[in-house]
Amino acid sequence: MGKGAYLLYEAAAGYSIYEIIEAEEIGAKMAEVEESILDLKLFSKLVKFKSFLPFKDAQDALANVNDVSEGIVNDSLRSFLELNLPKVKEGKKAKFWLGVTDPKLGNSIHEGLGIPCKCEDITRELIRGIRNHFHRFVKELDNGNQERAQLGLGHSYSRCKVKFNVNRNDNMIIQAICLLDQLDKDINTFSMRCREWYSWHFPEMNQIVKDNFLFCRAAEYIRARSSFSDEKLQGLKDLLMDDEDEGGLADKVYTALKTSMGMDISEIDMLNIRSFSSRVISLTKYRHSLQSYLSDRMDKVAPNLKALIGDAVGARLISHAGSLTNLAKAPASTVQILGAEKALFRALKTRGNTPKYGLIFHSSFIGRANAKNKGRISRYLANKCSIASRIDAFSDVATSKYGEMMHGQVEERLKFYDTGDAPRKNIDCMEEVKKSLGKRGADAMDGDDTPKKSKKSKKDKKAKSEKKKKKKKDKK
């Protein structure tokens, strides 16, 4: 019993352990194992059922499955393994190994119990065979009981995962910015259609009123040229936000209205134009409200990233990365070219110049930099974005102070490229923010209050090496 190999299978109904018969020979017979998986008679010659630990109820099953998915060895699994596997003496290596499906769980078992675990192709194939014949090994799970347990656990596990969102609701930001980009395209297309449609009746207004939103409002207000009177002029001025008394947009539109070369239009056609214009106006208003919603969500989820680079560019970075946590895990070099993947791979394929920036190109910092400094400022800005996203993702105290400070640092770096004035050091800026936030801010950044050892200076290292050389000479 001391030698051999075992398999751990985590099912919806409980844990089970199996002993591998002739483990050394099976390791060299991968093809035979794959063939025997569907046949119980052949498979039972490879694997022998040893023990089964059922879960108490649905809550116990959910708790155990959550622990397994996170690679945690809980008390019930620990006691089950200790009871059914050979004991490992202290200071000695185990003469057996345990096959598992998840490497993370295998590492936890090895660290906690000292049992060596394997997660290879042969163990995966054997566990796949156990999954096929599990209801035959454990007779109580026959007649559909296994399927019912899987269905119930699947529903509760999915419900738990949906409720437990580690990304601080950054999926709301992703949906909002995607909708915002789609609305921008749609509003632009619809506005062009509205301009073209109404210009058949009043073409001169197309050149006078350049803003799409104001054009649609004016088209809805003016309607047919013949129905517009002097009394409506003041309303048109208010609608076009015309502050000038004479010579403003409204006066130009009114003058062009009297001498327009446009074609006459029927009432039913004008009704359709007005209906379409009102829809474009409502979409534009909704777009403004969505922008304010996005800004509010960014304040709560990623305040430092918003303070540094703005809510729209910050939200696009989060959306492209998949989540705030993914963005925080990405290095600064990845953040720099995020959104320019096609250009990067094209450059690698053709051995050309790689892109300097991706989505962060829309930041005002890069637009303000000189042509020769755009690559340098984009690299510096990506570095700051990476730091800001990590603070937002992993700090306990939500604050925008670090983002505001880093915004100032980027401004100083831009000034340094132009005038040569040396910017402040990053460590001094971060210490300044920590002092302004007090103890809570410092704890959120450091994680603990343990004093850190100061780095040894170059002089100390040099003196130490000289002492070693003198000792060697004295010995000689």
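Scroll up to find the structure this text is about.
Rules used in this analysis
- Residues numbered from 1 in each chain as written.
- Predicted model: local features only at pLDDT ≥ 70, side-chain atom pairs only at ≥ 80, totals over all residues.
- Heavy atoms only, no water.
- Helix = DSSP H or I, 4+ residues; strand = E, 2+ residues; numbered from the N terminus.
- Buried < 20%, exposed > 50% of the residue type's maximum accessible area, 1.4 Å probe, protein only.
- Contact = heavy atoms within 4.5 Å.
- Pairing = 2+ DSSP bridges.
- Axes fitted to C-alpha atoms, helices over the stretch in contact; angles between N-to-C directions.
- Core = buried A, V, L, I, M, F, W, Y, C linked by side-chain atoms within 4.5 Å.
- Left-handed = near helix turned anticlockwise from the far one by under 90°.
- Nonpolar A, V, L, I, M, F, W, Y, C, P; charged D, E, K, R; others polar.
- Parallel < 35°, antiparallel > 145°, perpendicular 65-115°, else oblique.
- Polar contact = N/O pair within 3.5 Å; in protein donor to acceptor, adjacent residues only side chain to side chain.
- Salt bridge = Lys/Arg side-chain N within 4 Å of Asp/Glu carboxyl O.

A. The arrangement of the environment of Ser 108 in detail. One can find Ser 108 in helix α6 (residues 103-113). The class for Ser 108 is partly exposed, based on a relative accessible area of 22%. Spatially, the C-alpha atoms of Ser 108 and Val 73 are 6.5 Å apart, while their sequence positions differ by 35 residues. Filtering out sequence-adjacent residues up to four positions away, Ser 108 remains in contact with Gly 71 and Val 73.

B. Molecular detail of the sheet that holds strand β4 (residues 96-99). Taken together, 5 strands build an open sheet; the order of strands is β3-β2-β1-β4-β5 and the sheet is mixed. The open sheet has two edge strands with one neighbour each: β3 (47-54) and β5 (117-118). Judged from the 4 bridges that link them, strand β1 (residues 4-10) and β4 form a sheet pairing that is parallel. Bridge pairing links Tyr 6 to Leu 98 in β4. Contacting β1, β2 (14-20), β3 and β4, helix α5 (residues 75-84) crosses the sheet at an angle of about 25 degrees to β2.

C. Here's a closer look at the side chain of Ser 191. The topology assignment puts Ser 191 in helix α9 (residues 170-199). Exposure remark for Ser 191: the relative accessible area of 1% places this residue in the buried category. Those residues in contact with Ser 191 that lie beyond four places of it in its chain are Asn 212 and Val 280.

D. Examining the nonpolar core more closely. In this structure, Ile 309 and Leu 381 are the most contacted members of the largest nonpolar core, which totals 47 residues. Filtering out sequence-adjacent residues up to four positions away, Leu 381 remains in contact with Leu 308, Ile 309, Ile 360, Ser 363, Phe 365, Ile 366 and Val 410.

E. Spatial organisation of the packing of helix α11 (residues 212-222) against helix α14 (residues 267-301). Between α11 and α14, the least distance of the axes is 9 Å, while the angle of their chain directions is 145 degrees. Between α11 and α14 the crossing geometry is left-handed. In contact with Phe 213, Cys 216, Arg 217, Ala 219 and Glu 220 of α11, α14 contributes Arg 274, Ser 277, Ser 278, Val 280, Ile 281, Thr 284 and Lys 285. A per-class count over the contact of α11 with α14 returns 5 nonpolar, 3 polar and 4 charged.

F. Examining the packing of helix α22 (residues 401-419) against helix α23 (residues 426-437) more closely. Between α22 and α23, the shortest axis-to-axis distance is 10 Å and the interhelical angle comes to 150 degrees. The angle between the axes of α22 and α23 places the two elements in the roughly antiparallel class. Crossing of α22 against α23: the hand is right-handed. Together, Lys 401, Tyr 402, Met 405, Met 406 and Gln 409 of α22 and Asn 426, Cys 429, Met 430, Glu 432, Val 433, Lys 434 and Leu 437 of α23 make up the contact between the two elements. In terms of residue class, the contact of α22 with α23 is made up of 7 nonpolar, 2 polar and 3 charged.

G. Representation of α11 in the model. Within α11 the residues assigned to the buried category are Leu 214, Phe 215, Cys 216, Ala 218, Ala 219 and Ile 222. Those residues of α11 that are buried lie in contact with α9, α10 (204-208), α12 (233-239), α13 (249-258) and α14. N-cap assignment for α11: the residue whose side-chain oxygen lies 3.1 Å from the backbone N of Phe 213 is Asp 211. Arg 223 sits one or two residues past α11 and shows a positive phi near 60 degrees.

H. Here's a closer look at the pattern of salt bridges. For the coordinates displayed, the defined rule picks out 12 salt bridges. Between Arg 225 and Asp 264 there is a salt bridge, with the nearest N and O atoms lying 3.8 Å from each other. With a gap of 39 residues between them, Arg 225 in the loop between α11 and α12 and Asp 264 in the loop between α13 and α14 connect regions that are remote in the sequence. Classification of Arg 225 by relative accessible area gives buried; the value is 17%.

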